[in-house]
Amino acid sequence: MPRRRLSAALLGLALLTGSTALAITESMTAPAHALDDGLARTPPMGFNDWNSFGCNVDEKLITDTADYFVSSGLKDAGYTYVNIDDCWAAHDRDPQTGRLVPNPQTFPHGIKWVADYVHAKGLKLGIYTSAGTQTCAKTMPGALDHEEVDAQTFADWGVDYLKYDNCNNQDRPALERYTKMRDALKKTGRPIVFSICEWGQNKPWEWGKDVGHLWRTTGDISDSWPSLLSIFKQNVPLAPYAGPGHWNDPDMLEVGNGGMTAREYRSHFSLWSIMAAPLLIGTDLRKATPETLSILTNKDVIAVDQDPLGTQGTVLASDNGHWVLAKPLKNGDVAVTLFNETDTTATFGTTASALGLPKRPAYVLRDLWTHKDAETAGTVSGVVPAHGTVMYRVRRDSRAWAFQPPAAAFGLDLPSAVTGISGTITPAGRAFTADVTTTNLGRAPMLNARPSLGLPTGWKAEPVGRTGAAILRTGATLKSRWRVTPPASEPPGARSLTARLSYGLPGTRLSLAEDLVVPKPVPGGTTDLGADDWATAHNGYGPVEHNMSNGGAKPGDGKPLTINGTVYAKGLGTHAPAEIVYYLNGRCTSLTADVGVDDERDPRPVAGQSTVTFEIWADGTKVADSGLRTWQDGAFHLSSGLTGASYLRIVTTIGGDTNSYDRGDWAIPVLTCGS
Ligand code: GLA
C-alpha cells in the first residue's frame with residue numbers, strides 16, 4: 001500500500017515544542033481583539049438535546065441528564081456541559097424588559113433554576129440562540145440587534161456556554177454578527193464558552209479563533225453513515241486552524257441514536273477524538289444501552305480528544321478509503337486512527353518512523369478499544385473491518401516495551417455473499433469459509449499462536465489445513481481457514497461468529513466478533529418485496545420504510561409514496577445510498593417496479609439535491625438501471641429477469657452528487673417466484 005509521509009517538519013515541530021511554545025506562537029500572532037480568556041483549553045465535552053429531541057426539550061430532560069452525568073460516570077469521564085438547544089423560550093420577548101422569557105410550559109422554573117440545579121451537580125449549563133431575528137425552529141426570538149440584553153440575561157441566569165446559530169440572519173455579514181455577540185458576552189464579565197454555529201458558510205476557521213471558542217465547519221449531522229463520512233471529510237483538512245481555546249466543530253455526536261451500527265459509532269467517536277472535536281453527546285441518555293455508554297466513556301479515546309497539546313490529528317495516508325490519521329500528544333506519544341471507509345475488511349497502517357517517532361528497538365502499542373498494551377517493532381497496522389476503526393496510542397520507551405507481549409494485527413474475514421455493502425449472508429445448510437489472519441507486529445517472536453472460532457449453537461467448523469503456529473517471527477503472518485456450516489434447519493435471523501487468538505506464555509488472549517445473517521427465502525408466487533422478507537437492508541437516512549416514503553430518522557415516519565403527484569399504496573421508501581438484499585435461492589424469475597424520487601423533499605431543490613438512480617442486481621450482475629431520475633421526473637418502469645439468481649439486490653444510488661433529499665421510491669414492486 002502506498003503511504004505518504006507526514007510532513008516531518010510539521011509533526012516534529014508539534015512533538016518537540018509542547019504547549020508552552022505553542023502558546024508563545026499564538027500570542028505573537030493574535031490580533032488586538034483576540035478571545036484569549038483561558039476557556040475551552042481542551043475541546044468542550046457534554047450533552048446537547050437537539051440530535052435526539054429536536055424541539056421537545058424541557059427542564060426535566062435537562063435535570064435528568066445532569067443527574068445521569070453523575071450516576072453513570074459520564075461526569076467522571078469528563079463530560080461537563082449540559083446544553084439546551086433551540087425552542088426553550090417563549091415566542092416573544094417580555095414587552096417591559098425586552099428580555100427573553102423561558103417557555104412557561106417547558107421551563108416553568110426558569111433557566112436560572114435549571115442552571116443552579118446543574119451547578120449543584122458540579123456541571124455547567126449551556127444555552128442556544130441565533131444570530132438572526134428568530135432561531136432556526138422559529139419558535140423563539142433570535143439575538144440579532146439584542147446582543148447585549150441577551151448576553152446579560154444569560155450571564156444573570158448563570159449560563160456557561162452559548163451556541164449561537166445562523167438562521168434568519170437577514171443576510172448581514174457573519175463576522176459582524178458573531179463579533180457583536182462575542183463583545184456582549186465579554187461585557188457581562190461571566191466566563192461563557194462561545195460556540196459559533198455558522199455551518200462553515202463563511203470559512204469561520206479563518207476568523208473564528210478571535211471570535212469564539214469553537215465553530216461549526218459543516219451543515220447539520222444526521223444519524224447516518226453518509227452524513228458521518230461527508231462531515232469527517234470536510235472537517236479533517238481544517239486541522240491547522242484548531243488549537244487550545246479554538247476548535248473546529250464537526251457537529252454533535254450521534255452515538256446511540258440507532259441509525260448506525262455499533263462499529264460505525266465507534267468509528268464516529270474515534271474520528272471525532274483524533275480530530276480534537278467537541279464531544280457533545282446527542283442521544284437520550286436515559287435510554288442509552290451499555291454499548292452506547294461504553295463507547296461514550298472510553299477513557300483512552302477521550303484522552304486523545306482532550307490531550308492538552310491540543311493538536312487536531314492530520315491525515316498521514318488515505319488510500320482508496322483506508323485512512324491513517326495521526327495526532328501528536330503532549331507526552332510525546334502519538335495517537336493513530338486506522339479507519340476503513342470501505343465495505344470490505346482491509347489490513348493497513350503505518351510505521352513508527354512515518355509517525356515521526358525516534359528509532360527504538362520497539363514501541364509500546366496500546367489498543368484504545370480493547371485497552372490492551374503490546375509491543376511493536378515499528379509497524380502500526382491492523383485488520384480493520386468494513387466501516388470500522390482500529391485506534392492506537394504509540395509510545396516510545398527504551399525499556400517498557402520489553403515487558404509487553406508482541407502485538408498482533410488480528411482479524412476475521414468472512415466472504416460477502418453478494419457484491420455490495422450487505423455484509424455476510426449465510427443461508428442455512430450452506431458451507432462458507434472463515435479466514436483468520438494473525439500478523440506478529442512485535443520485536444519478540446510470537447509463541448504458540450492458536451486462533452480458534454466461536455460458533456452459534458449447532459454450527460460446525462472444520463479447519464482447512466493448519467490453523468496454529470508454534471512460532472511466528474516479527475512481521476510473519478499466519479493465515480488460518482475454516483469451513484463453517486450452519487445447520488440446514490437454522491431459523492432465519494442475526495448471528496455472530498467470534499474469532500479468538502491465544503499466544504505466548506502465560507498467555508495473551510484476543511477476541512473479536514463479526515455479524516452474520518441467516519436469510520429467509522422469499523415467499524413463492526407473486527409478492528411485493530415485503531419488509532419481513534429481506535435478508536439485509538441498508539439505507540442512507542433512517543430505516544427503509546414499507547408502504548410509505550423514507551421520512552426522517554425514525555421508523556414509520558414517512559408519508560404516502562408519491563412520485564410526481566402519483567400516490568402509490570405499496571412499495572419501499574428508501575433514501576440513497578440504499579441497498580436491500582433478498583434471498584431468492586434460484587427460485588424467482590422477474591422483478592418489476594415503478595421508481596422515482598419521492599415528492600417528500602425540499603420544496604425548492606437546488607443543484608445536487610433529489611437526484612438518484614435505481615438499479616436491480618441479480619447476484620453480481622446489474623440487470624436493470626433507471627438512469628438518473630430527478631425530482632422533476634415521473635415514475636420510470638423498471639423490469640428485469642432474475643432466473644437462477646441466488647440473491648436479488650435493489651440499490652438506490654446518490655446519482656453522482658450528494659445524497660441530500662435523495663428519497664427514492666420503489667413503488668408497486670412485483671417479484672415473481674416459483675413455489
Ligand atoms: C441548526 C443548527 C442545529 C440545531 C438547529 C436548531 O440547524 O445547525 O445544530 O441547533 O438549528 O433549530
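This text gives an overview of the structure that appears in the document. Since the model is a prediction, treat every value here as computed from it, not as a measurement. (Residues numbered from 1 in each chain as written. Predicted model: local features only at pLDDT ≥ 70, side-chain atom pairs only at ≥ 80, totals over all residues. Heavy atoms only, no water.)

**A word on the environment of Arg99**
Tracing the backbone through its elements, the reader meets Arg99 in the loop between strand S2 (81–83) and helix H4 (110–120). Separated by 53 residues in the primary sequence, Arg99 and Gln152 place their C-alpha atoms 9.3 Å from one another. Beyond its immediate sequence surroundings of up to four residues, Arg99 is in contact with Arg93, Asp94, Val149, Gln152, Thr153 and Asp156. (Helix = DSSP H or I, 4+ residues; strand = E, 2+ residues; numbered from the N terminus. Contact = heavy atoms within 4.5 Å.)

**A look at the site of the ligand**
The local shell around the ligand consists of Trp50, Asp85, Asp86, Tyr128, Cys136, Ala137, Lys163, Asp165, Cys197, Trp199, Arg216 and Asp220. Between Lys163 and the ligand, the recorded distance is 2.8 Å, taken from a side-chain N or O atom to an oxygen atom. Considered on its own, the ligand offers 310 Å² of accessible surface; in the complex 92% of this is hidden by protein. (Near = heavy atom within 4 Å. Polar contact = N/O pair within 3.5 Å; in protein donor to acceptor, adjacent residues only side chain to side chain. Areas by Shrake-Rupley, 256 points an atom, 1.4 Å probe, with all protein chains shown as cover.)

**What to know about the nonpolar core**
The biggest cluster of nonpolar side chains holds 83 residues, and the ones touching the most others in it are Tyr79, Trp88, Phe269 and Trp272. Apart from residues lying up to four places away in sequence, Phe269 is in contact with Tyr79, Leu253, Leu279, Ile295, Leu296, Asn298, Val301, Ile302 and Trp369. Counting residues in hydrophobic clusters, the runner-up holds 26 residues, among them Val544, Ala576, Ala593 and Ala618. (Core = buried A, V, L, I, M, F, W, Y, C linked by side-chain atoms within 4.5 Å. Buried < 20%, exposed > 50% of the residue type's maximum accessible area, 1.4 Å probe, protein only.)

**Quick look at the state of the cysteines**
Counted according to the given criterion, the structure contains three disulfides. Across the disulfide, Cys55 is cross-linked to Cys87 (sulfur-sulfur distance 1.8 Å). In this pair, Cys55 sits in the loop between helix H2 (50–53) and helix H3 (59–72) while Cys87 sits in the loop between S2 and H4, placing the two residues 32 residues apart along the sequence. Cys55 sits in the partly exposed class, given a relative accessible area of 35%. The side chain of Cys136 participates in a disulfide bridge whose partner is Cys167; the two sulfur atoms lie 2.1 Å from each other. On the sign convention where negative is left-handed, the bridge of Cys136 and Cys167, at about 95° about the S-S bond, is right-handed. Of this pair, Cys136 sits in the loop between strand S3 (124–130) and helix H5 (147–157) while Cys167 sits in the loop between strand S4 (161–165) and helix H6 (174–188), and the two are 31 residues apart along the sequence. If one numbers only the bonded cysteines of the protein, in the order they occur, the disulfide pattern is 1-2, 3-4, 5-6. Between Cys197, a free cysteine, and Cys136, which holds the nearest cysteine sulfur, the sulfur-to-sulfur gap is 6.8 Å. (Disulfide = S-S within 2.5 Å.)

**What about the packing of aromatic side chains?**
Applying the stated criterion across every chain yields a total of 15 aromatic pairs. Ring centres of Trp88 and Trp157 lie 5.8 Å apart, and the angle between their planes is 85°; on these two criteria the pair is classed as edge-to-face. Here Trp88 is found in the loop between S2 and H4, whereas its partner Trp157 is found in helix H5, with 69 residues between them in sequence. Here the guanidinium or amino end of Arg649 rests over the ring plane of Trp617, the centre of that ring lying 4.6 Å away. (Phe/Tyr/Trp six-rings, centres within 6.5 Å; stacked < 30°, edge-to-face > 60°. Lys NZ or Arg CZ within 6 Å of the ring centre and 35° of its normal.)

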